[in-house]
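Architecture and fold: a report
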Amino acid sequence: MRAVLQRVSHASCKVSGKTTGEIKHGLLVLLGVEEEDRVEDVCWLARKIVNMRIFGDDKGLMNKSLMDVNGEILLISQFTLFAQTKKGNRPSFISAAKPLQAIPIYDKMINELETLMGKAVARGVFGADMKIDLLNDGPVTIIMNTKDKENY
């Protein structure tokens, strides 16, 4: 599973002109699911996301987590995080999980994040053509991969 965390001042998702999710201060999380991903990956990644100390303290240092600042999450499914670009100029997404496998993992991530945070997670619509609007704060952008936990 791959995730791109972006610290934002605000973010929203629209599908067909209708807002499906919107947050103020917090994290926009782009989530890609791979065929080999399991529930253990979801639990590990969700804990890392809510506890990652990337928010400023009173001295401006990144010492606070999403939980510390009472931040919100906008979770967006994004299979393109598994683009393979080695051959040619058209990316391949062969390692991205198909919807029948990816949707339950995406839903599990929503449930896990909501349980850890004690509040609802804003979201996009799986598989839809989404328009994401955000104001990146920092910018602070973190990339995580559950297949390489030792380095994350």
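A brief look at the structure comes next. (Residues numbered from 1 in each chain as written. Predicted model: local features only at pLDDT ≥ 70, side-chain atom pairs only at ≥ 80, totals over all residues. Heavy atoms only, no water.)

**Quick word on the nonpolar core**
Nonpolar side chains in soluble globular proteins tend to be buried together. One finds L27, L45, I73, L75, M109 and L113 to be the most contacted residues of the largest nonpolar core, which totals 29 residues. Where this core is concerned, the elements lending two or more residues are β1 (2–15), β3 (26–32), α1 (39–51), β6 (72–77), α2 (99–117) and β8 (130–145). The leading source of residues in this core is α2, at seven residues. In this structure, A11, L30, I76 and A122 belong to the second largest nonpolar core, which totals twelve residues. (Core = buried A, V, L, I, M, F, W, Y, C linked by side-chain atoms within 4.5 Å. Buried < 20%, exposed > 50% of the residue type's maximum accessible area, 1.4 Å probe, protein only. Helix = DSSP H or I, 4+ residues; strand = E, 2+ residues; numbered from the N terminus.)

**A closer look at the environment of V29**
In this fold, V29 is placed in strand β3. The exposure class assigned to V29 is buried, which follows from its relative accessible area of 0%. Setting aside anything within four residues of it in sequence, one finds V29 in contact with A3, V4, L5, I49, I73, L74, L75 and I76. (Contact = heavy atoms within 4.5 Å.)

**Here's the deal with the pattern of salt bridges**
Inspection of the entire model under this criterion finds six salt bridges. The closest approach of N and O atoms between D37 and K147, which form a salt bridge, is 2.6 Å. One end of the pair, D37, is in the loop between β3 and α1; the other, K147, is in the segment after β8, and 110 residues separate them in sequence. The class for D37 is buried, based on a relative accessible area of 1%. A single salt-bridge network, built from bridges that share partners, covers D37, D41 and K147. (Salt bridge = Lys/Arg side-chain N within 4 Å of Asp/Glu carboxyl O.)

**Overview of the packing of α1 against α2**
The contact between α1 and α2 brings their axes to 9 Å, and the two run at 40°. The orientation of α1 relative to α2 falls into the category oblique. By crossing handedness, the relation of α1 to α2 is classed as right-handed. On the side of α1, the interface is formed by V39, V42, C43, L45, A46, R47, I49 and V50, while α2 contributes I105, K108, M109, E112, L113, L116 and M117. A per-class count over the contact of α1 with α2 returns twelve nonpolar, no polar and three charged. (Axes fitted to C-alpha atoms, helices over the stretch in contact; angles between N-to-C directions. Parallel < 35°, antiparallel > 145°, perpendicular 65-115°, else oblique. Left-handed = near helix turned anticlockwise from the far one by under 90°. Nonpolar A, V, L, I, M, F, W, Y, C, P; charged D, E, K, R; others polar.)

**What to know about the side chain of S77**
Its location among the elements puts S77 in strand β6. Sequence-distant contacts of S77, defined by excluding residues within four places in its chain, comprise L31, Y106, V125, F126, G127 and M130.

**Description of the pairing of β3**
Where burial is concerned, most of β3 is hidden: seven out of the seven residues are buried. Looking at chain direction, β1 and β3 are connected through seven bridges and run antiparallel. Bridge assignment links R2 to a residue of β3, and that residue is G32. Bridge count for β3 against β6 is six bridges, and the pairing is parallel. Looking at β6, one finds that V29 is bridged to L75. (Pairing = 2+ DSSP bridges.)

On their own, these measurements won't tell you what the molecule is for.
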